[in-house]
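Survey of secondary and tertiary structure
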Amino acid sequence: MRFTYVAATALTAVSIAQLPSNATAIPIAAPTADVMIQTDADAIAIPAQKTIASPETLAQVPEFLAPTPQATPTIQPAADRSDVPQSIAKPVLVAVNSVPQPIQELTPQPVVQPTIKPVIKPIVKSIIQPIVTPIADPQVQTVAKLDAKSIAKASVKPVLKPTTLVLPKTLPESIATPTTDVKILGVDPELKAIAQQVILTQTGKMTNGITIREDVAAVLETGLFSQAAANPTMNAKGVDVVFNLSPVIARSIQLVDAKILTQNTATQLFASQLNHAVQPSKLNQGVRDVQKWYDDQGYTLARVVGLTSTKEGVMKVTVAEGNISDIKIRFIDETGQTQDANGKTITGRTQDSYIRESIGLKPGAAFKESVAQEDLNRLVRTGLFGGGRVSLEGDLRNAIVVYNLLEQPLRRTNLGGGYSSDTGLYGNVSYSDFNFGGVGQQLGGNVIVGTKDFQFDGRFANPYREAKPDTWGYSLQGARNRGLSRVFDGDIKLATGEDVREGRFGGGITFNKPIAPNWNANLGVNYTRQSARDAAGNLVQTDAAGNPLSKSGTGLDDLYSATASLSSDRRDSALDPKSGSLISLSTEQYVPLGVGNLFANRLSANYSQYVPVNLFGKKDGKNQDVLAFNVQGGTTLGDLPPSQAYLLGGVNSVRGFEQGKVGIGKSYALASAEYRFPILNETVGGTLFADYGTDLGSSASVLGAPGIQRGRSGSGFGYGAGLRVKVPVVGMLRADWGFNDRGENRVQFGVGQKF
């Protein structure tokens with residue numbers, strides 16, 4: 001038998017969960033593993049104290065226990081020694097809740113008294129009196145001379161009483177002899193206690209020569225002692241036994257199956273044991289230090305599964321580092337199940353290869369919790385998944401990592417129709433797919449076919465992927481649409497009495513990629529042909545007041561531009577943020593090509609901050625009061641068509657005003673503040689708001705001064721209250737009742753938060 005520590009390698013359960021806004025650990029029930037104490041004989045199964053239930057709950061390292069008082073062993077012949085329970089026959093590392101089984105005591109074999117026959121031999125040290133012989137004996141100090149008469153007398157009548165015992169000089173090999181005293185010398189109390197667990201020779205019990213030799217062999221077999229010897233001494237009542245032991249001196253650490261843990265690190269962690277007598281308590285502390293080192297590095301599955309010592313002082317430390325043998329992908333529903341109500345396995349549209357490219361853990365590597373968590377975050381950030389969790393199967397040497405993903409319903413088709421003055425009787429088809437081809441590409445479009453007009457818009461995008469950091473994402477867009485002018489509204493009409501229509505036709509391409517932590521860059525080129533038209537679709541040059549409607553004066557303008565922007569999004573949620581910030585900076589340079597010969601630059605900046613507060617009692621993260629602030633502004637350097645002017649007022653600007661009723665300028669500044677609070681859990685919320693906007697006195701700089709011509713003041717203040725309702729599939733709907741500084745009020749509707 002040898003001192004051996006083997007920890008459980010069966011993998012129970014670790015679960016890491018991720019939702020779109022945060023990550024939550026979800027414990028998963030798992031069968032309890034066992035700690036196996038491995039010996040050369042049969043292993044003893046001991047229930048584990050703890051299982052791996054989550055990254056925060058780690059299996060406890062078992063330790064040596066102080067020896068438990070044992071029942072008296074019965075001395076067996078050498079061939080039968082293996083029948084003795086192993087919990088006594090060798091020291092083992094056991095969990096705290098284990099109790100060694102006592103040895104069943106058998107009735108000692110009686111000592112057979114020898115029959116004393118008269119012999120003509122001197123008897124040494126008779127109980128009655130010494131009989132001196134003419135033969136020199138080292139135990140007799142005097143040699144007496146006897147005559148023939150006395151010798152004959154002694155031969156005929158030996159002096160013995162029936163109660164006299166002969167004291168053996170040596171311990172009988174196989175005859176059971178009472179043990180009167182046992183001493184263990186040469187080692188400290190901890191090793192002495194372990195030796196007491198190993199040996200069968202115990203005070204008050206029976207022993208013999210065979211058993212004592214087996215005790216010495218068993219002590220050496222533990223690996224904790226370099227030398228062991230027993231010295232039995234017979235006495236009138238039995239035998240005293242002294243075991244002289246020499247401990248193993250720990251000289252070095254030998255790692256087995258370690259790839260992450262280095263030799264130098266292991267030597268430092270076991271430093272208190274090296275060059276000292278081997279002590280299980282110090283070895284156990286070294287095991288705990290190794291475990292802590294693994295945990296600190298994030299390898300929460302790594303375990304010390306074996307620890308043995310040799311008489312040469314080599315401490316062999318065997319580890320299982322949670323190496324991954326396979327990675328599996330499974331799809332789940334909102335309840336976390338992998339099968340639907342009909343018992344069919346849930347399948348997803350996303351290609352397996354696409355998901356695996358976003359997973360940092362790889363087969364052959366050690367499982368690391370932080371990497372698995374970032375994998376989930378990365379997958380959720382693609383927008384394809386509403387959440388997920390990571391579960392584990394297998395054991396510590398062959399871990400199977402399973403990514404359970406909740407796929408979003410990202411494909412929609414809508415049909416519609418109606419009548420409008422611009423398109424006449426029309427039909428409408430719209431389609432969107434944010435997981436086109438199962439690889440995260442985006443395809444969307446809208447087509448309107450009417451009796452008077454045909455309109456469309458379309459977009460295709462291949463977003464930037466964190467799994468391919470050197471590859472830019474890109475998007476293509478194109479559109480042809482027509483509608484009432486937002487700048488030239490009904491206050492001043494055309495000479496025909498009709499409202500001005502604006503037509504736009506064009507497209508562009510944009511590239512995007514992160515350039516620094518939390519900073520994204522966008523570069524793009526665009527072309528748009530913009531036109532001013534009447535209800536019949538004819539080009540018009542001026543309104544009824546003679547104000548120009550285009551830069552070129554023909555009713556047409558070609559806009560060729562290059563755009564660049566930087567943004568940093570630190571919000572906890574893009575849809576309904578509770579904390580964090582968002583900042584964006586952009587510029588768009590127009591080049592003098594085509595009709596209108598435009599040369600100008602537009603600059604803009606936008607900043608939002610979200611601060612969680614608890615004005616009316618403590619709330620959790622999902623039902624949190626929030627103070628939200630937004631400041632934005634922009635300006636145009638050079639000349640642009642009046643249709644490109646900034647508009648102030650409306651549901652997404654200064655609430656309480658109609659769209660564009662505050663100002664139409666070449667520059668602007670806008671500030672908003674909101675107090676957002678939950679009303680009915682996460683579904684219904686409310687807000688109090690205030691907005692202020694100004695055109696910074698730039699109305700007169702716009703070609704034709706449409707703001708001044710229409711009597712816009714150039715600045716305005718609005719305030720009010722609103723309601724927010726989250727609707728599945730559609731998203732958040734909002735309704736705001738706003739009041740302005742002119743005494744007006746109105747209810748306005750929108751989709752999503754204002755900022």
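One structure accompanies this document, and this report is about it.

Rules behind the numbers
- Residues numbered from 1 in each chain as written.
- Predicted model: local features only at pLDDT ≥ 70, side-chain atom pairs only at ≥ 80, totals over all residues.
- Heavy atoms only, no water.
- Helix = DSSP H or I, 4+ residues; strand = E, 2+ residues; numbered from the N terminus.
- Contact = heavy atoms within 4.5 Å.
- Phe/Tyr/Trp six-rings, centres within 6.5 Å; stacked < 30°, edge-to-face > 60°.
- Buried < 20%, exposed > 50% of the residue type's maximum accessible area, 1.4 Å probe, protein only.
- Lys NZ or Arg CZ within 6 Å of the ring centre and 35° of its normal.
- Salt bridge = Lys/Arg side-chain N within 4 Å of Asp/Glu carboxyl O.
- Pairing = 2+ DSSP bridges.
- Expected span 1.5 Å × (residues − 1).

Turning next to the overall build of the chain. The helix and strand inventory of the chain stands at nine helices and 33 strands. In the chain, 61% of the contacts between residues at least 6 apart in sequence involve partners at least 24 apart.

Moving on, we get to the packing of aromatic side chains. Within this structure, the stated rule accounts for ten aromatic pairs. Judged by centre distance (4.9 Å) and plane angle (40°), the ring pair of Y646 and Y668 falls under tilted. In this pair, Y646 is assigned in strand 27 (residues 646-648) and Y668 in strand 29 (residues 667-680), connecting sequence segments 22 residues apart. Classification of Y668 as buried rests on a relative accessible area of 12%. Among the aromatic residues, those joined into a ring-pair cluster are F717, Y719, W737 and F739. If you follow R655 out to its NZ or CZ, it ends over the ring of F689, 4.0 Å from the centre. Across the ring face of F755, the terminal group of R676 is positioned such that the distance to the ring centre comes to 5.1 Å.

Taken as a whole and judged by the stated rule, the model has 35 salt bridges. Put simply, E466 and R381 hold a salt bridge, and the shortest N to O gap is 2.7 Å. Of this pair, E466 sits in the loop between strand 19 (454-462) and strand 20 (473-484) while R381 sits in helix 8 (residues 369-381); the two residues are 85 residues apart in sequence, bridging distant segments of the chain. Residue R381 is classed as partly exposed on the basis of its relative accessible area of 47%. A salt bridge links D422 to R501; the nearest nitrogen and oxygen atoms lie 2.7 Å apart. Within this pair, whereas D422 is found in the loop between strand 16 (411-420) and strand 17 (424-436), its partner R501 is found in strand 21 (residues 501-516), the two being separated by 79 residues in sequence.

A separate point is the pairing of strand 32 (residues 731-740). The pairing of strand 31 (residues 715-727) with strand 32 spans ten bridges and is classified as antiparallel. The residue bridging G722 from the neighbouring strand is D736, located in strand 32. The hairpin formed by strand 31 and strand 32 contains three residues between the paired strands, and V729 there has a positive phi angle of roughly 75°. Direction of pairing for strand 32 relative to strand 33 (residues 745-751): antiparallel, over a ladder of seven bridges.

Taking 1.5 Å per residue as the helical rise, helix 6 (residues 280-296) with its 17 residues ought to reach 24 Å, and the 24 Å between its terminal C-alpha atoms agrees with that figure. Within the sequence span of helix 6, burial applies to P280, L283, N284, G286, V287, V290, Q291, W293 and Y294. Positive phi appears at G298, one or two residues downstream of helix 6, with a value of about 95°.

Residue placement: F434 occurs in strand 17. Of the residues examined, F434 reaches a relative accessible area of 41% and is grouped as partly exposed. Separated by 25 residues in the primary sequence, F434 and P409 place their C-alpha atoms 9.0 Å from one another. Beyond its immediate chain neighbours, meaning those up to four positions away, F434 contacts L384, L410, G440, Q441 and Q442.

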